[in-house]
Amino acid sequence: MAAFIAPALILFLLFVIVPVLFAAYTSFFDWNGLGGIPTDFVGLENFQALIADEVFLGDLWRIGLITMLSVAVQLPMAFGLAMLLHQRFPGRTAFRLLFFVPYILTEAVTAVLFGLIFSPRRGFADAVLAGLGFDGRVGWLSDRGLVLFVIFGILTWKFFGFHMILYLAGRQNIPEELYEAARVDGATSKQLFRHITLPLMGPTIRITVFLSVIGTVQLFDLVYVLTKGGPYHASETLAITMYDQGFVRNQIGYASALSIAMFLISLLFALIYQRYVLSRDLQGSLTSTDGGRS
Amino acid sequence: MSVDTGRARLLRNTGFYIAAFLATGFVATPILFALLGGFKDNQQLRENALGLPNPWHVEHYVDVLANATFWRQLGNSVFIALATTFIVVAAAAAVAYVFARFQFKGREGLFTLFAAGMMFPFAVAVLPLFIILRTFEMLNSPLGVILPQAAFGLPLTIIILRSFFRQIPGEVEEAATIDGAGPWRFFIQILLPMSRPVIATVSVLALVGSWNSYLLPLVVLSKPTWQTLPLGVTQFQGEYSTETAKVLAFVMLAMLPALIFYAFAERHLISGLTSGGTKGLAVRRQTGPEVMGRLRACRPSRPGTGSPVGLPRREPSSGPRRPKRHATQTPHRTRRGGGPRRERVHFATC
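Just so we're clear, the structure is a prediction, and the values are computed from it rather than from any experiment.

A. Here's a closer look at the overall build of chain B. Check the secondary structure of chain B and you find 15 helices and zero strands. Within chain B, contacts between residues at least 6 apart in sequence are counted, and of these 76% link residues at least 24 apart.

B. Looking closely at the interface of chain A and chain B. The interface of chain A with chain B comprises 85 residues on the first partner and 84 residues on the second. With 14 residues, helix 1 (residues 2–26) of chain A is the single largest residue contributor to the side of chain A that touches chain B. For the side of chain A that touches chain B, a count of residues per class yields 57 nonpolar, 22 polar and six charged.

C. Main features of the confidence of the model for chain A. Residue and element names in this part refer to chain A. In this model, chain A carries an average pLDDT of 87, and 95% of its residues clear a pLDDT of 70 or more. Mean pLDDT across the elements of chain A ranges from a minimum in helix 6 (residues 124–131), with 81, to a maximum in helix 10 (residues 221–227), with 94. A low-confidence stretch, residues 284–294 stays under pLDDT 50, and its non-local contacts, those more than four residues away or across chains, total 28 contacts.

D. Geometry of the domain arrangement of chain B. Residue and element names in this part refer to chain B. Each assigned domain of chain B is listed here: domain 1 (2–65) and domain 2 (78–310). In this assembly, 12 residues from domain 1 lie in contact with 10 residues from domain 2. A total of four residues in the side of domain 1 that touches domain 2 trace back to one element, the largest contributor, which is helix 3 (residues 59–65).

E. Region of the structure containing the environment of Thr 201 of chain B. Relative to the assigned elements, Thr 201 of chain B resides in helix 10 (residues 196–212). The spacing of Thr 201 of chain B and Ile 270 of chain B is 69 residues in sequence and 9.9 Å in space, taken between C-alpha atoms.

F. Structural detail: the nonpolar core. Of all hydrophobic cores here, the largest spans 167 residues; its most connected members are Ala 92, Leu 154 and Val 251 of chain B. Counting residues per element, this core draws most heavily on helix 7 (residues 147–172) of chain A, which supplies 16 residues. Looking at which domains feed residues into this core, each of domain 1 (2–65) and domain 2 (78–310) of chain B supplies at least three. Discounting chain neighbours no more than four positions away, the residues touching Ala 92 of chain B are Ala 8 of chain A together with Leu 154, Thr 157, Ile 158 and Leu 161 of chain B.

G. Main features of the packing of helix 11 (residues 238–248) of chain A against helix 12 (residues 252–276) of chain A. Residue and element names in this part refer to chain A. Here helix 11 crosses helix 12 at 160°, and the two axes come no closer than 8 Å. Classified by the angle their axes make, helix 11 and helix 12 are roughly antiparallel. Our pair here, helix 11 against helix 12, has a crossing hand that is left-handed. Contacts from Leu 238, Ala 239, Thr 241, Met 242, Gln 245 and Gly 246 in helix 11 reach Ile 252, Tyr 254, Ala 255, Leu 258, Ser 259 and Met 262 in helix 12. The residue makeup of the contact of helix 11 with helix 12, split by class, is eight nonpolar, four polar and no charged.

The rules behind these values
- Residues numbered from 1 in each chain as written.
- Chains lettered and ligands numbered in written order.
- Predicted model: local features only at pLDDT ≥ 70, side-chain atom pairs only at ≥ 80, totals over all residues.
- Helix = DSSP H or I, 4+ residues; strand = E, 2+ residues; numbered from the N terminus.
- Contact = placed C-beta atoms within 7 Å.
- Nonpolar A, V, L, I, M, F, W, Y, C, P; charged D, E, K, R; others polar.
- pLDDT = per-residue confidence, 0-100.
- Domains from an automatic or database assignment.
- Core = buried A, V, L, I, M, F, W, Y, C linked by C-beta atoms within 7 Å.
- Buried ≥ 20, exposed ≤ 12 C-beta atoms within 10 Å, placed from the backbone.
- Axes fitted to C-alpha atoms, helices over the stretch in contact; angles between N-to-C directions.
- Parallel < 35°, antiparallel > 145°, perpendicular 65-115°, else oblique.
- Left-handed = near helix turned anticlockwise from the far one by under 90°.

If you want it as C-alpha cells, here you go:
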C-alpha cells in the first residue's frame, strides 16, 4: 500500500508543502536569497512594512475594483448571454462554442495579442476609433487612469465564456415543470424570472462570484505580459508585486511575506465567503475532510 | 393569435440574433485581427487596419513555420504537458485508490493534507520553489517545471478520482480478488480501465493547465533549450517589436494547437474545465451536476463501452454489468462505509 501512496506523497511534500512552509519561515527574515538559508531574523518587520507599502495597498484596492467591475459588468453579461443561449434558436450551439474560445487560450499569448491591439504605435484599437471618426490616439496601456479598465475589458473577453457556461448549465438544470406550473397560474415572464430563475440560479451565481474573486487575487500572467504592472504600479497585482520584489529586487524575505499575505487573503476570503454566503449551498466546504459528509 | 405570436417570435428571434452577433463581434474581433494581421505587411497594418489584407502576404506564417525555435518550443510545451499529465494522473490515481478503497489509521488526515493543497495559490510557492529547484540544480531542466506542476495538480486530481473510485461497487473488487487478482492487478487491469471517463477529465485539466502555464517556466527556464511556447511568444514579441505582422502570425500559430484541440475535444474540454474549476471549491453538489446537466451530449455508461459503472443512475440492476457471483451478493454490501449516497459523479463520460 505504501507503494501506492509514496509517489504522490513525496511529490506533494517536496514541491508543495516544503515550499509553502519555507515561504512562511522566510517571511520572518531579511534575506537576499543567497547562501543556504536565511539567518537575519527580523520578526514581523516584513509584515509591518507590508501594511505600510502603498503598492501593496494599491494591489488590494485594484483587486477590489476589478472584482466590483466583474460583478457589475462581466457576470451580468455572462448571465444575460446564458439566458439568451438557453432559448432555442438556430445556431445557438455555434454561439456557445464560440463564446468559450477565449477561455481556452493561453493567458500569456492572449496578453501579447492585446498588447498589439492596444499598442501605442497605431494599434488596432486606435485604428478602430479612427475608423469611427474619433481621434485615434489613446494611451490605452500608458494612461494610469485607463489601464485598469482596459485590463478589465480583456479579462471580460477572456473569462465571460466560462461564467456563461456555468450559468447555462445552472439554467438548464431548473426543471421546466416549474415554469409550466407557474404559467398555468398566470405568471408573467418577468415573474417567472424573478421568482423561479433568479432564486434557483442563486448557488451558481454565488459560485461564479467566488471564482471571480479568487481568480482576481491570483492574477499574474495576463497583466505581467501586458504591462508588467505599469505604468507606475497602476495595473500591478499582488503576484506581480511579489515577483518584482522576489525575482527582480532579491528581497526574498519581503516577497515571502507578500506570498503569505496572498495566501491568507485567499484563505480568509474563502472561509468567510463559504461561511456566510455559500453556507446554504454547501454540504461540505474547503476544510471538510470527507468530501461533504458534515 | 397565431399571427401575433409569429410576429412576436420573429421580433424575439431578431433580438436574440442582434445580441448574439454583438457578442460574437466582441469575441471574434481580436482573433480575426491576429489571423488577418498575420497576412498583412506592416504598412497595411498601419493604413488598412480594418480591412482584409490586400495583397495577402503568406511569408510571415511561412517564416514562423520554418522557424526551428517555434517548433522546439512547441515540442517542449507538448512534452512538458504530457509528462506533467502522466505523472500527476498516475500518482494521484494510485493514492486516490488507497483513499477510496482501503481503511487504515490516519487515512482521513492524509487526505486532508492533500486536499489542503487546494488552498495554496501557485504564486505563493513559486519563490521558495525557485530556491529549492536551484538547490537541487533543477533550473533549466524540464523536470523543474514538470514536477512542481504535477505536485500542484495533485489535490484536485486526487479529490476527483477518489470520489469516482468510491462509486465503483465493492463487488467488482471482491470478484477480482476471488479470481486471484491482487491490489496491483485490480488497480491496473480493472479500476483504471473502468475509470476511463474520469481519467480523461483529469487529464484534460492537467494538460490544459500545463499548456497555459507561464509563471513557473518563466522563473525556471531562463535558457532557451527547454523554453515553452508561452515564453516563446512573449520573447518573440520582444525581439520583433517593430514587426507587428510577424508577431501576429506567431501568436496565431501559437493559439492554433489549443483551437484544434478544442475543435476535436470540445465536450471534454468544456466539461473538464468547468467541473475542474468548480470542483476546486469542493462545491460538488451544486455546480458540478449542473454543469454536466444537459451539456453532456453523451450519456454516462453507454452500453458497449465496457464502462461498468452506472454513473448517476440509481437503479441498481440496470447499471453495472456485474462480474459473476451476483447470486451470492447481499444488498448491504454494496457500499462500504455506510451513510447515504453523498456524491454524485458527474463527469463527462464521452
